[in-house]
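Architecture at a glance
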Protein chains: 2
Amino acid sequence: MAEELSTKWETPLTSEQNPHIKRGRYSHLTQTDKDVLSRIVEGRACTSGKELADANIDWLRIYRGTSPLLLKPKSTWEVSKILGYCHNRNLAVVPQGGNTSLAGGSVPMFDEVIISLKLMDKIISFNNLSGALVCEAGCTLQSLMDFLDAEGYTMPYRIGPKDTCQIGGNMSTNCGGMHVVRYGSRHAAILGLEVVLADGSILDLVTTMKKDNTGYHLKHLFLGAEGTLGIITKVSLECPVKSPSQHMLFIGVPSFQDVLKIFKKAKYDLGEILSAFEVFDETVMKLINKNLKLPNPLSGESPYYMIIATAGSNRRHDDEKMNAFLSQLEKEGAIQNGFKESRAEAMKMLWSYRENIGVAVKRAGFAYKYDVTVPHDKYVQILTEVKTQFSHLSSCIAGFGHFAEGGLHVNLVTFRTHPSFSKLIESFLFRRVKDVGGSISSEVGIGVQRRDSLHYSKPINAINLMKKMKTLLDRKSILNPYKLLPSNLDGQELLSKL
Amino acid sequence: MAEELSTKWETPLTSEQNPHIKRGRYSHLTQTDKDVLSRIVEGRACTSGKELADANIDWLRIYRGTSPLLLKPKSTWEVSKILGYCHNRNLAVVPQGGNTSLAGGSVPMFDEVIISLKLMDKIISFNNLSGALVCEAGCTLQSLMDFLDAEGYTMPYRIGPKDTCQIGGNMSTNCGGMHVVRYGSRHAAILGLEVVLADGSILDLVTTMKKDNTGYHLKHLFLGAEGTLGIITKVSLECPVKSPSQHMLFIGVPSFQDVLKIFKKAKYDLGEILSAFEVFDETVMKLINKNLKLPNPLSGESPYYMIIATAGSNRRHDDEKMNAFLSQLEKEGAIQNGFKESRAEAMKMLWSYRENIGVAVKRAGFAYKYDVTVPHDKYVQILTEVKTQFSHLSSCIAGFGHFAEGGLHVNLVTFRTHPSFSKLIESFLFRRVKDVGGSISSEVGIGVQRRDSLHYSKPINAINLMKKMKTLLDRKSILNPYKLLPSNLDGQELLSKL
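Report on the accompanying structure.

Criteria and thresholds
- Residues numbered from 1 in each chain as written.
- Chains lettered and ligands numbered in written order.
- Predicted model: local features only at pLDDT ≥ 70, side-chain atom pairs only at ≥ 80, totals over all residues.
- Heavy atoms only, no water.
- Contact = heavy atoms within 4.5 Å.
- Buried area = accessible area lost by both parts, 1.4 Å probe.
- Salt bridge = Lys/Arg side-chain N within 4 Å of Asp/Glu carboxyl O.
- Helix = DSSP H or I, 4+ residues; strand = E, 2+ residues; numbered from the N terminus.
- Nonpolar A, V, L, I, M, F, W, Y, C, P; charged D, E, K, R; others polar.
- Buried < 20%, exposed > 50% of the residue type's maximum accessible area, 1.4 Å probe, protein only.
- Polar contact = N/O pair within 3.5 Å; in protein donor to acceptor, adjacent residues only side chain to side chain.
- Core = buried A, V, L, I, M, F, W, Y, C linked by side-chain atoms within 4.5 Å.
- Arc of directions from axis to C-beta.

1. Structural notes on the interface of chain B and chain A
With 85 residues of chain B at the interface, the matching set in chain A holds 85 residues. Across the chain B/chain A interface, buried area totals approximately 7100 Å², and carbon plus sulfur atoms make up 60% of it. Here chain B is connected to chain A by 8 salt bridges. Salt-bridge contacts for glutamate 405 of chain B lead to lysine 211 of chain A; the nearest nitrogen and oxygen are separated by 3.2 Å. Mapped onto the side of chain B that touches chain A, the elements with two or more residues apiece are α7 (180–183), α8 (186–189), β8 (202–205), α9 (219–222), α10 (256–269), α12 (315–331) and α17 (460–473) of chain B. Counting residues per element, the side of chain B that touches chain A draws most heavily on α17 of chain B, which supplies 9 residues. Class assignment for the residues of the side of chain B that touches chain A results in 34 nonpolar, 33 polar and 18 charged.

Structure (C-alpha cells):
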C-alpha cells in the first residue's frame, strides 16, 4: 500500500507529517542573527553536522525539525542574552535538555533555534544537613545520583534515561518514574528554580528553604510547562538520605484482583519503606524474553508480574517485613511464584527487566505508545478494551506501569503503520480514560503529540487560563511553540494579536 | 505614656491602625446589594450581631474590619453567583475558612463582603485503595481526621487549630504544621482543586489522579495565594494510610550543636518513620510551666527541649529503632534527660506542651510574633541576635519551631506595646533572615501583616510577576484586597488602570 510506511523508520519532518500545523509568523534567521547569537555563546554554536542533526531529532526518532542553529550557553547570563535577542528579533526557540522527551517536546517543529542546556552542568551547592541541592539545569540525573551517593543522599526520583536526561528537563516535564510512591512528584521535592523568561529577564526563585510562604508559589508553574513559559536554568531540590537497606520482590500474580489485594496490603504492611510498585503483563514478559533474551526469572508463567521495592534505614527490619509480606501472599494464594532479592547486582539485573521494556517493545516493531493514568480498579478494564478494539491492527498490545499511581503504559505494536491509526487509537483510549476520570498523560507530558487532545483531561476554561498564562509570560510565543497548548492557541494566533 | 496601649487588648480597627492603607475604589454595599446577595444564599446571610462581629475579627484579636455582610453559601454554584454579582457591581470580598489566620488574611480590612465556607463541609468521595479524598472547602481538619481514621487512613498534615481550621484555608495558606518532615507540604499531597474565580466562573481542576501531566499545573498557583486569586471550593488530596505504630521522644539537650547532631542522626537512624522533629528553648519551657501549669516532664532543666515523633507500620521495629536511638544519644552525651513514650494518651499530653506554646505566650502578655525559616545551623544565631537587640523591650523572647524544615517562631513578649516596635523588630529580623537565605514567612503566610515586607524574600521581578498574575485572574482586584501583595499593588492601582 502506498500509504504504508517502512518498518525501518526514516524519520520524516514533523512539519510534513503535520501539514495542519503552520509555521508561526516568526522572523527567519539571518546570517547576522547567527553571528550575533554565536558570539553570545563564544563559539559554542553549531550550524551544521551530526550534532545539529541529532539535536533536530527526538530520542524515539519520530519527530524531526530543521533548525539551522544550536546554541550551547554556559551560564544563565548567556541564556538571558540569547532570549533577549530572540525576543527582540521575534525568533522562536526550543529549549533542549537530554532530548529524551517521549512527546516530541524537545525538538524543533520548524526552524526554531535550539538552546541546549547541556554545558550548564555545575553543582552549585549541597547542604549535607538539610539535603538541599542547588545545581544548573544541564546536570544529568545520573551525575547527580553519583554526587549525592558520596554524600549519603539520593535523588528523590529515578527514570529510565538517567544517563542522558537532565534535571532541567526533568522539572520542565514533571517527569514521574519509579519512586513517586515513596518521594512524591517533582512538586514535592522542589525548593526553588531560576528561570529565564521569554524576554530574557531572569526570575530568581532559588531558595533552599522547604517552608516559604511568601506570595504566590510561582515555581510550580514551570514544572510540567515543557519550556513554554521560561527556560529553567537552576534547580534547588530537597534530597532524601540514602537508604542503606534495599530489597525487591519479583512475583507472578494469578489475577488482577490479586494485584489490587497486594497493592492494598503493601500500603499497610510495607508502608513507609515501599519505594516502587510496578506491574506488567504476560505480553510484556514474552517481549522481554524474546527481544532482550532475558529469561523469565520465575519458574512458571503468570498473567501479571510485579516488582515491589523497598528502601529503609534498617536492613534487618526491612528484611523481616519483606519476608513476612511474601510468605503471607504465598499463604493467601495471591501469588503463583515469587522471590525476594537483596543483593545489589541481582536487583540491578531485575530492574533491567522493567527499565528495558521500551527497548523490548521497540525491537518488536513500530509501536503506538500511550501513557495514561487510570483509577487502580480500572487498569485492566481499559487495557482489555483497547485489546478488544485494536487487536486486528496489532501484533501485540503490551500493558505495564507504575501501578501505585495508576500509571498505565499501553503499547500497540503494529503490523503496519498508518497516519490514521494514531488518531483512531487516541480517540478511543482517551475518551475511555476521560470516562473513568483518568489522565491522558501520566508522566511524559503533552509536547506536540497530545496537544490537540488536552481537552480530554482539562475543561475548556482551564485550557483558556493556560493560554492566558502563556500570553502573560511569553507575549510573542517564542518559547517552544507548537507544543503543549492546543493548535488553536498557536503562536500565530497570539502573534496576530500583537 | 499616651502611645502606650493597654495590655488588655481591645482590638482597634485595622484601617485605623494602618492609615496608609486606603480603601480601594470599590462600590459601597447598598440595600439592594444586600437583598440580592442574601437571596443567593437563601437567607444564610448575616447583617448584624455576634456572628458578624466574630467574622470581622481575627483569632489573635489583632485585626478588625467593618464588613456589614456575611454570606454562608452551601454550594459552589452559590459561591459562583455571589462572585459573579460582586464582580459586576465592583464589590470587594474576603473569603473566610476557620478564621485562624495568624497574618490577618481572613478578615476584612474595610467593608469587604465576607464569604464564609463553613457550611460547605461535605465529604464528596474517598477511595480506600488510592487514598484520594475529595471534599468541600469548609470541612474542618479534625472532621477529616476523624473520617479518615475510620477508613484506616490519616491526613498528611496536622496543625494546632485542627478543630476550627478548614481544608480550604489550609490549602489557601499552604499551612505547614508538624508532619511536613514526613508527608511534605500541601504541594506534595494535592491532587486537585475546584476554584471559583473572581468573575464567578468555576475552574474545575478536580482529579483524583496522582500523575497528571496535562498542561500547566494550575492548581499549585492557588496554594498559598491566600484567597487572592480565587476561592477554593473543593479539594482533592492524597491521604496516607494510618500508621499503627506511633512513638515519641521527649528530650532535654545541652547545646545547639547537639540539636544539630541529633537531627542528622534522626534522618539516618529513624529515616522513613520520622514524623515530627520539634525544638523549643528553655524560655518556652518556663512559660509552659508557669502559664499552662504543666511541669517539666524531665527531671532537670536544659537549654533546649525536643519532641521527636515517629509513625510506622510495625510497632516492634519502630520500638527497637527508637530505643536504640535514645540509648545512643545518651551514650554520646548528646542529651541530658529524655524518655520514650508510646501510649496514646500520654503522647497526646506531651503534644499539648508543643501545641499550646501559643497559649502560654499569650498569657505572658502581648507578644510580637514572627515565623521565619532559616538554615538549620543559623537557627540559634538569629534567635540570639534578636535577644541581644531587643531584650530591653521584652519581658521574654521565646524561640521554637518545626526544626526539620528550619522553622523558627520568634515570640517577643513586651513590657508595653507600641506601633513602632513591630516595624523595628521586623526590619532587623527580616533583614537578617534575608542575609542568611531564609524566608520571612515559614508557614503563616503574608496576609496584611507582612505584605510590605515581601521584598525581603522575593526579588522585585517575582513580585511584579505576582502582580501580573493577580491582574490576570482578578482584573478588578475584588478578591481579598490589601492582602499578600505589597501596598503599591493595591486594588486602587489596578482599578485605576481599568
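2. Some points on the side chain of threonine 214 of chain B
Mapped onto the elements, threonine 214 of chain B comes out in the loop between β8 and α9. Overall, the relative accessible area of 0% leaves threonine 214 of chain B in the buried class. Engagement of the side chain of threonine 214 of chain B in a polar contact is seen with the side chain of lysine 458 of chain A, the distance being 2.6 Å. In this structure the side chain of threonine 214 of chain B is engaged in a polar contact, spanning 2.8 Å, whose partner is the side chain of aspartate 212 of chain B.

3. What about the nonpolar core?
The biggest cluster of nonpolar side chains holds 256 residues, and the ones touching the most others in it are Met155, Ile262 and Phe277 of chain A together with Met155, Ile262 and Phe277 of chain B. In this view, methionine 155 of chain A contacts Leu133, Leu141, Leu144, Met145, Leu148, Ile167, Leu237, Cys239 and Pro240 of chain A; residues no more than four positions away in its chain are not counted.

4. Quick notes on helix α5 (residues 141–151) of chain B
Within an α-helix, residues lying three or four positions from one another point in the same direction, as the helix has 3.6 residues per turn. Residue and element names in this part refer to chain B. Looking at α5, one finds that the buried residues are Leu141, Gln142, Leu144, Met145 and Leu148. Looking straight down α5, one finds its buried side chains confined to an arc of 155°; they lie on one side. Close packing links the buried residues of α5 with β5 (123–126), β6 (132–136) and α6 (167–173). Just downstream of α5 lies glycine 152, where phi reads positive at about 85°.

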